[in-house]
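One-letter residues, chain by chain:
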Amino acid sequence: MLHIFRLKYYLDNLYDLYRDYDKYSREDEYILDLATRYIQCRPENPEGLMTELKGRSFDSWLIKFCEKIAEQVKSTDARYLAADILGQREQYRSAIKALKVNYDFDKCKEYPEQVARLLDYYLGAFGKYRDIELHKEGIKIFEECFKLIKKHKIRPDLSKHILINGTYLYSSLGLRKRTHAIYKYMIDNNYYLSPAELTNFSFCCWENKDWENFHKFHICRCNKRGYDYFGLIYSGRPMWTGNEDISDKTLLVQFEQGLGDNILMFGYMERLTKLAKKVIFMCEPELAPLLKDNKWGIKIVPFEHLKFNKLRFDYWIESMSIPNALKLDTESMRLGGGYIEANSKLVQKYKKKYFNNDNLKVGVAYRGHANGQLSRQVNTEQLLELDNIEGISIYYLDMGIANACGNKFKNNKPINIVKDTAKSFADTAAIIENCDIILSTDNGLLNLAGAMGKRTLGLFNTDYHFRWYDLNKKDCSYYDSVRPFVNKELDNWDKTISDAIGEIKKYVRRKQR
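Residues numbered from 1 in each chain as written. Predicted model: local features only at pLDDT ≥ 70, side-chain atom pairs only at ≥ 80, totals over all residues. Heavy atoms only, no water.

1. Brief notes about the overall build of the chain
Along its length, the chain carries 22 helices and nine strands. Within the chain, residue pairs in contact and separated by at least 24 positions form 67% of the contacts whose partners lie at least 6 positions apart. As presented, the chain carries roughly 24,600 Å² of accessible surface, and 46% of it is formed by carbon and sulfur atoms. (Helix = DSSP H or I, 4+ residues; strand = E, 2+ residues; numbered from the N terminus. Contact = heavy atoms within 4.5 Å. Areas by Shrake-Rupley, 256 points an atom, 1.4 Å probe, with all protein chains shown as cover.)

2. Looking at a positive patch on the surface
A grouping of Arg455, Arg509, Arg510 and Arg513 is seen on the molecular surface, where their side chains present a positively charged patch. If you trace the backbone, Arg455 turns up in the loop between helix H21 (444–452) and strand S8 (456–460). The class for Arg455 is partly exposed, based on a relative accessible area of 39%. (Patch = residues over 30% accessible without salt bridge, like charges linked within 9 Å, V, L, I, M, F, W, Y side chains within 5 Å. Salt bridge = Lys/Arg side-chain N within 4 Å of Asp/Glu carboxyl O. Lys, Arg positive; Asp, Glu negative; His and termini not counted. Charge placed at Lys NZ, Arg CZ, Asp CG, Glu CD. Buried < 20%, exposed > 50% of the residue type's maximum accessible area, 1.4 Å probe, protein only.)

3. A word on helix H10 (residues 156–172)
Between its terminal C-alpha atoms H10 stretches 23 Å, which fits the 24 Å expected from 17 residues at 1.5 Å a residue. Listing the buried residues of H10 in full gives Ser159, Lys160, Ile162, Leu163, Ile164, Asn165, Gly166, Thr167, Leu169, Tyr170 and Ser172. Gly174, located one to two residues past H10, shows a positive phi value of around 75°. (Expected span 1.5 Å × (residues − 1).)

4. Focus on unusual backbone geometry
Phi angles above zero are rare outside glycine, and Lys153 is one such case at about 50°. You can see Lys153 is positioned in the loop between helix H9 (132–152) and H10. Unusually for a residue other than glycine, Lys327 sits at a positive phi of about 55°.

5. Here we look at the sheet that holds strand S3 (residues 299–302)
Taken in spatial order, the four strands line up as S3-S2-S1-S4 in an open sheet, and their pairing is parallel. Where the open sheet ends on each side, the last strands, each with one partner, are S3 and strand S4 (315–318). Put simply, the sheet's adjacent strands are angled 25° from each other on average, direction ignored. Across four bridges, the pairing between strand S2 (residues 278–283) and S3 is parallel. Within the sheet, the bridge partner assigned to Ile280 lies in S3 and is Lys299. (Pairing = 2+ DSSP bridges. Axes fitted to C-alpha atoms, helices over the stretch in contact; angles between N-to-C directions.)

6. Focus: the pairing of S8
The element S8 is largely enclosed, with a buried count of five among its five residues. Side-chain alternation along S8 places Thr456, Gly458 and Phe460 on one buried face and Leu457 and Leu459 on a second face that is also buried. As paired strands, strand S7 (residues 437–441) and S8 are joined by four bridges and run parallel to one another. Opposite Ile438, over in S8, you have Thr456 as the bridge partner. The parallel pair S7 and S8, bridged by H21, forms a crossover whose chirality is right-handed. (Right-handed = clockwise from strand over helix to strand, strands pointing away.)

7. Looking at the pairing of S4
Residues Tyr315 and Ile317 line one face of S4 and the alternating positions Trp316 and Glu318 line the opposite face, and both faces are buried. Bridge count between strand S1 (residues 250–254) and S4: four bridges; the pairing is parallel. Note on S4: the bridge partner recorded for Gln254 is Glu318.

Below, the structure is given as structure tokens:
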């Protein structure tokens, strides 16, 4: 059932829709009458009415009723209310239909909030259905509105919602330069942007290699309270921005984002040790066994054991703010690789048990965390071309993910070592060390392989993460050993995977010479 107050709002207005809509059924009228009597608290038997409403699936009826309005009613007010109800119920296609009929771009001047709401529904539809053509339709509407905003100089307070939606519409398809241009328009025309919006702009500058604006606006993160997972802002110690002298201080680095981001940022620890007297890295428990024996003497503290009142440090910084503090740019961002090493005893342990063969050993990571972004995942069926290559052994590296399509491999049955035996990333690193080559989507395992200097073929969607600011070369932005293969179209992996597997075939031929 709908929330009681929202339901009252809807029902107070639904009767008005009947003035413009004369094709409702007796069932429509009966359910609406039941619901209205219940909300007004005037029925003789409220419990019975509620039971009957539930039995008649009021939510489902409300959606179908509003879909009828979207298809047949001409009243603007009626369609707008129907779209609002449908949008709240995540029926985005129907909500778009309700608002888009007889759409006039002049509404951008007169009713910008309606345009912004329509774009909200396009964004919601992409998140739910991932319908690329529908999303492009939303982009087309936005671009017409953007022309009117510039032509008529529509006030920032009226047009900001539309422009922010435009940045999301563009970035969802990996249109980075267009996203950057919208943000720049808002900055240049004195739009008020919240700390969160300015932070997003700084990340947009990162992926567009606009280092001047990246460093200028990234500091706005310190005013964005939502990201401070562990309350460091309130620890009584100041945040390090890169401007303070820490040569005699202890710096605490707080992990954030995903495992891959922190493996990547760990590559800058050596530079921090040259600036600070001591560095402490707070990390996820899965990474602690792998990083604890690092060559720089950095203290590794799993966040579950962290107690601020007992841990001594002078300054703190979030890991993804390190590039800003160090004032990095295109060249100084590069890490090379080889800054993480696998435990030699674990390497030998896995070698004896799983890698005692002469085949080319291919480690495969087709997705990341179970809750990771869908745009970074491929179906294992798309990797079946590996089954036709003679002289390889396939090892699944995905932590905790079942071998869903392994039974479809006939010749090269994948071995799921990580799922079956690995307890932490220390084990995963030892397994990667035993592989000859890694084939991976954008996830923590790709970053780990790159940090170890392992030859890696990286599979990237067109909307790849902002941190990969340059994937147009033979190696990726940070790691010398990672070669990127990027989709030409969103979610179209066929050619990308085929090209990457073609490289594996070349390695097999070289090994067999």
